[in-house]
Amino acid sequence: MTTEFRVWSIVFISCIGSRLLSTIYYIEDLDSLRFALSMIDYDVAKLQPHFPAYPVFCCIAKLLYVGTRRYALAFSLIGGLSTFFTIFFTLKIAKIQNTTLLGKITIFLVFMNPLLWLMSNRYMPDAMGVAFLLASLYFITRQAKSKERPLSNSHNAIGFFLAGILIGIRLSYFPLLVPALVLRLKHAGYLKCIIAGTIGFLVWLVPLLSITGWHTLIATAQTQSQGHFSDFGGAVSTHPILWLRLTKLFESIWADGFGLYWQGRHPITACTVIILIGIAAANWQTLKRWITEKIVEDASSFFNPIFLGCVVYLVWIFLGQNVIHKSRHVLPLLPFLSLGTAFACSRIITARDRLRHLFALCTVITFFLCYSYVTLYTIVQHTKPTAIAQVHEYLRARKPEQGDKLHIVSVPLIKYYLISQAIEAIYIPIKSESDLIQLDKLETGFVVIGSPLPNRTPKAEKVFYHNPYVNRMWSEIPLFEY
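Note that the structure is predicted; figures quoted are calculated from it, not measured.

### As for helix H16 (residues 334-349)
Then, in step 1: Counted at 1.5 Å a residue, the expected span for H16 with its 16 residues is 22 Å, and the 23 Å between its end C-alpha atoms agrees.
Then, in step 2: Most of H16 is tucked away: 12 of the 16 residues are buried.
Then, in step 3: The set of residues buried in H16 consists of Leu 334, Pro 335, Phe 336, Ser 338, Leu 339, Thr 341, Ala 342, Ala 344, Cys 345, Ser 346, Ile 348 and Ile 349.

Okay, here's the thing in structure tokens:
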């Protein structure tokens, strides 16, 4: 057994074990609810899950659910496997051995990444999508070890096949692959790659059509696509304030993605930032030389398929995704950014001077401790119910007065969340202020979730809260009893 294999074995067991330990046993948001419901009844027409249906992810999750009888464990198992393969292919793409100092630091940074860990426990396909994205990218961009021996087209075909599979896992990640796919077609077997990609696409599309039906799938796709870009999707067409979008995009990478300081966060996150800036400053000469040689003098760097893919993906999520309320869209970028941090840490540790080496080692270890603390603290908070889950628990435990039927006033999305989890009540959905007229007939015995009613004094008021860096959606929900 080689040292490299032993390291991968330890990483594999750590990924699976840690994600199983941090499994969440509640429905944390609406998207998670739809995927949880799909384990019981996969129905795209009912948005279980929502379009684009995620058939590959749901199929694998369903198989694990059948074996474990707990869908929470099934999602965590997928998350653990996805984390392992994300680490594996990050090192493969960067051509780093796991036995080197740089390799071990990269493994640690990706393994402990707060957003990746959160998403590996959430009932969603994002972590799995990153793993398949990196796997596809590795095979597509893989270079021959010898210039005299051209790279076999079979590796490129595997990459294209995985790209087709990726569309059935996380369609929104596909733009990051496009530059690599296009550039590879110029140097590889065009027909073989196209066929491989088509097979990967049909592997899940044909079963999906047989389950859903062509007309139902097309109708759902049209409705959801139109809604995403013109109503509820959070694209630039519905949230056009560019400065806010840019700020939230940066916050998603900086604060959500790496657990660094943002206004209102714990002071230890500021310590992490200060140390990270110090590490970057210590590598300034190396960074300056890299910028000069690779970017200024070598224009071909701009045509690197991975660099181009990240740029294309950044533009895509900035314009087409809900970067204001959902930080998870930056997830595919984090492994590449982790490589830069790992390189900076490894560089200063390898200083020849003993005193500098000792100081650098202490600095990096302190950075790791702060980074780990923020991640683990966030993960522990993730195991506790989110605000909307707390509302659900409160209403389920609430005992209405004798002969009284509970009335719940809320927006339609909260109604859907509660009614899907068997909260029996008379629901009064509110879409606009004009809908409040329905409440004139009610004097007492109803609950309002969201905002207080004008000209009425509630008998009781409660506020449910969770850390927004666990999940940005509905991090604070007030409830008023009348």
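### With respect to the pattern of salt bridges
Then, in step 1: Here the structure, examined in full by the defined rule, presents 9 salt bridges.
Then, in step 2: Close ionic contact of Arg 328 with Asp 126 constitutes a salt bridge, the shortest N to O distance being 3.5 Å. Taken together, the residues Arg 328 in the loop between helix H15 (305-320) and H16 and Asp 126 in helix H7 (residues 126-141) connect sequence positions 202 residues apart.
Then, in step 3: Residue Arg 328 is classed as buried on the basis of its relative accessible area, which comes to 6%.
Then, in step 4: We classify Asp 126 as buried; its relative accessible area is 0%.
Then, in step 5: Two residues, Asp 256 and Arg 472, come together in a salt bridge whose shortest N-O distance is 2.9 Å. Here Asp 256, found in helix H12 (residues 242-258), pairs with Arg 472, found in the loop between strand S4 (460-465) and strand S5 (476-481); they are 216 residues apart in sequence, far enough to count as distant.

### Comments concerning a nonpolar patch on the surface
Then, in step 1: On the surface, a cluster of nonpolar side chains totalling about 580 Å² of accessible area is made up of Tyr 190, Leu 191, Ile 194, Ile 195, Ile 199 and Val 203.
Then, in step 2: With a relative accessible area of 44%, Ile 195 lands in the partly exposed category.

### With respect to the packing of aromatic side chains
Then, in step 1: Scanning the entire structure with this criterion turns up 30 aromatic pairs.
Then, in step 2: The rings of Trp 8, Phe 12, Phe 84, Phe 85, Phe 88, Phe 89, Tyr 138 and Phe 139 are connected pair by pair, giving a single aromatic cluster.
Then, in step 3: Against the face of Trp 117 rests Arg 19, its NZ or CZ located 4.1 Å from the ring centre.
Then, in step 4: Between Arg 170 and the ring centre of Tyr 173, over which it is positioned, the NZ or CZ distance is 5.4 Å.

### Here's the deal with the nonpolar core
Then, in step 1: Residues Phe 57, Leu 395, Ile 408, Leu 418 and Ile 449 are the most contacted members of the largest nonpolar core, which totals 126 residues.
Then, in step 2: Broken down by element, the residue count for this core peaks at 10 residues, all from H7.
Then, in step 3: Ranked by size, the runner-up nonpolar core spans 10 residues in total, among them Ile 428, Leu 442, Val 448 and Tyr 482.

Reading guide: rules and limits
- Residues numbered from 1 in each chain as written.
- Predicted model: local features only at pLDDT ≥ 70, side-chain atom pairs only at ≥ 80, totals over all residues.
- Heavy atoms only, no water.
- Helix = DSSP H or I, 4+ residues; strand = E, 2+ residues; numbered from the N terminus.
- Expected span 1.5 Å × (residues − 1).
- Buried < 20%, exposed > 50% of the residue type's maximum accessible area, 1.4 Å probe, protein only.
- Salt bridge = Lys/Arg side-chain N within 4 Å of Asp/Glu carboxyl O.
- Patch = residues over 30% accessible without salt bridge, like charges linked within 9 Å, V, L, I, M, F, W, Y side chains within 5 Å.
- Areas by Shrake-Rupley, 256 points an atom, 1.4 Å probe, with all protein chains shown as cover.
- Phe/Tyr/Trp six-rings, centres within 6.5 Å; stacked < 30°, edge-to-face > 60°.
- Lys NZ or Arg CZ within 6 Å of the ring centre and 35° of its normal.
- Core = buried A, V, L, I, M, F, W, Y, C linked by side-chain atoms within 4.5 Å.

So far we have only geometry, and geometry alone does not tell us how the molecule works.
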